[in-house]
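# Per-entry structural report
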Amino acid sequence: MLRFSLLSSGSAGNAILIDSGDHKILIDNGLSYKELLSRATEIGESLDNLIGVLVTHEHGDHVNGVGVLSRKQSVPTYITRPTFKALHPRIGKIDPIEHFDSGETLFIGPFKITSFRISHDAMDPVSFVVETQGCRLGLATDLGKATHLVRERLEGCHALVLESNYCPLMIRNSPYPPAIIQRIRSNQGHLSNADMNSLLAELIHENLQWVVAVHVSQENNSEDLVRRMAQQVLKDHPAQLLIADQERPSPMYTIQPQALEASPT
Ligand SMILES: [Zn+2]
Ligand SMILES: [Zn+2]
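This section reports on the structure supplied with the text. (Residues numbered from 1 in each chain as written. Chains lettered and ligands numbered in written order. Predicted model: local features only at pLDDT ≥ 70, side-chain atom pairs only at ≥ 80, totals over all residues. Heavy atoms only, no water.)

All right, on to the coordination of the zinc ion (ligand 1) then. Surrounding the zinc ion (ligand 1) are the protein donor atoms Asp61 (OD), His62 (NE2), Asp142 (OD) and His215 (NE2), which sit 2.1 to 2.2 Å from the metal. Here the zinc ion (ligand 1) binds four donor atoms, and the angle range of 87 to 162° at the metal identifies the geometry as irregular. Each donor residue of the zinc ion (ligand 1) belongs to the same chain, and together they define the spacing D-H-x79-D-x72-H. In this model, the zinc ion (ligand 1) sits 3.6 Å from the zinc ion (ligand 2), the two metals being bridged by aspartate 142. With a gap of 153 residues between them, histidine 62 in helix α2 (residues 60–63) and histidine 215 in the loop between β12 (210–214) and α9 (223–234) connect regions that are remote in the sequence. Considered together, histidine 62 and histidine 215 belong to a single accessibility category, that of buried residues. (Donors = N, O, S within 2.8 Å, 3.2 Å for Na, K, Ca; no water. Tetrahedral: all angles 85-135°; square planar, octahedral: opposite > 155°, others 65-115°. Helix = DSSP H or I, 4+ residues; strand = E, 2+ residues; numbered from the N terminus. Buried < 20%, exposed > 50% of the residue type's maximum accessible area, 1.4 Å probe, protein only.)

Moving on to the coordination of the zinc ion (ligand 2). The protein atoms donating to the zinc ion (ligand 2) are His57 (NE2), His59 (ND1), His120 (NE2) and Asp142 (OD), with metal-donor distances spanning 2.2 to 2.4 Å. One chain supplies every donor for the zinc ion (ligand 2), spaced along it as H-x1-H-x60-H-x21-D.

All right, on to the sheet that holds strand β1 (residues 2–8) then. Across the sheet, seven strands lie side by side as β6-β5-β4-β3-β2-β1-β14; this open sheet has mixed pairing. Edge positions in the sheet fall to β6 (97–99) and β14 (253–255), since each of these pairs with one other strand and no more. Geometrically, the sheet is characterised by an average inter-axis angle of 25° between neighbouring strands, direction not taken into account. Against the sheet, helix α1 (residues 33–42) makes contact with β1, β2 (15–19) and β3 (24–27), and its axis sits at roughly 130° relative to β1, the strand it touches most. (Pairing = 2+ DSSP bridges. Axes fitted to C-alpha atoms, helices over the stretch in contact; angles between N-to-C directions. Contact = heavy atoms within 4.5 Å.)

As enumerated under the stated definition, the model contains 13 salt bridges in all. Note that glutamate 223 and arginine 227 form a salt bridge whose closest N and O atoms lie 3.8 Å from each other. Of this pair, glutamate 223 and arginine 227 are both found in helix α9, four residues apart, which corresponds to roughly one turn of the helix. Judged by relative accessible area, which is 43%, glutamate 223 ranks as partly exposed. One salt-bridge network, in which partners are shared between bridges, spans Arg3, Asp19, Lys24 and Glu45. (Salt bridge = Lys/Arg side-chain N within 4 Å of Asp/Glu carboxyl O.)

This part takes up the packing of aromatic side chains. Summed over all chains, the structure comprises three aromatic pairs. Geometrically, the ring pair formed by phenylalanine 4 and tyrosine 253 is edge-to-face, given 5.5 Å between the ring centres and 65° between the ring planes. Remark: tyrosine 253 occurs in strand β14 and phenylalanine 4 occurs in strand β1; sequence separation between them is 249 residues. Just as phenylalanine 4 is buried, tyrosine 253 falls in that class too. Ring geometry for phenylalanine 100 versus phenylalanine 128: centroids 6.0 Å apart, planes at 55°, classification tilted. Remark: phenylalanine 128 occurs in strand β9 (residues 126–132) and phenylalanine 100 occurs in the loop between β6 and β7 (105–108); sequence separation between them is 28 residues. (Phe/Tyr/Trp six-rings, centres within 6.5 Å; stacked < 30°, edge-to-face > 60°.)

Each strand in a sheet pairs with its neighbour through backbone hydrogen bonds, running either in the same direction (parallel) or in the opposite one (antiparallel). Strands sit in the order β7-β8-β9-β10-β11-β12-β13 across an open sheet of seven strands; the sheet is mixed. Either end of the sheet is taken by a strand with one partner, and the two such strands are β7 and β13 (240–243). Within this sheet the neighbouring strands show an average axis-to-axis angle of 15°, counted without direction. Direction of pairing for β12 relative to β13: parallel, over a ladder of four bridges. Note on β13: the bridge partner recorded for tryptophan 210 is glutamine 240. Strand contacts of helix α8 (residues 193–203): β11 (159–163) and β12, with the helix running at about 160° to β11, the strand carrying the most contacts. α9 contacts β12 and β13 of the sheet and is inclined by roughly 160° relative to β13.

Below, the structure is given as structure tokens:
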């Protein structure tokens, strides 16, 4: 079994809690320690048994709470050297720290975590596939382009957490300065709804159980639009479609090792 929650998702803070039953890891923490704890409590969880915090890249919405969390809980922080260099000393002392190389597979408690390079305007951005007990969770947020590598790594996941950041029409009319709009839309920016859906279309398979759209812009997108577009791709596939929220934590979603089969009659 593997359970996961988007404790927070969007440009104001990201944190994903993943639980194997006995151990937990956190991917990124853009929240204050107080907010992180309160969101975990809100969904009936805690940070007990947390055995690792993994960092995708150095942008504030992913790391602002990483330093304080490390000092409060002394849980190892896993981060690539270039990302740590880009952060240091902004978030203070991190101890213990475990460096890994982009592309490396990490074994943390019961979790096998495959890191892979993504295209984003950061020093050494990575994303992860997290596996335990036959359950496979694939994450892809903060990327401007779903490269061949990204598509390959995310194959066969039971749950997909995919960025659906902006609607191209809405961002064109947004009050953002042109340079920011250009950055978001570039190959090193963020995925649009259509980008997410073409990635999803390639990754659909019969054991897919959850699709969670994340990092949805509050200014340049609408939940309704994200849902309608992804539903058109999923059609009558039984996977649950969810949209992560900036303001509230999601419930814990449970991945079963394989899709439930109809019991023999
Ligand atoms: Zn971000
Ligand atoms: Zn970013």
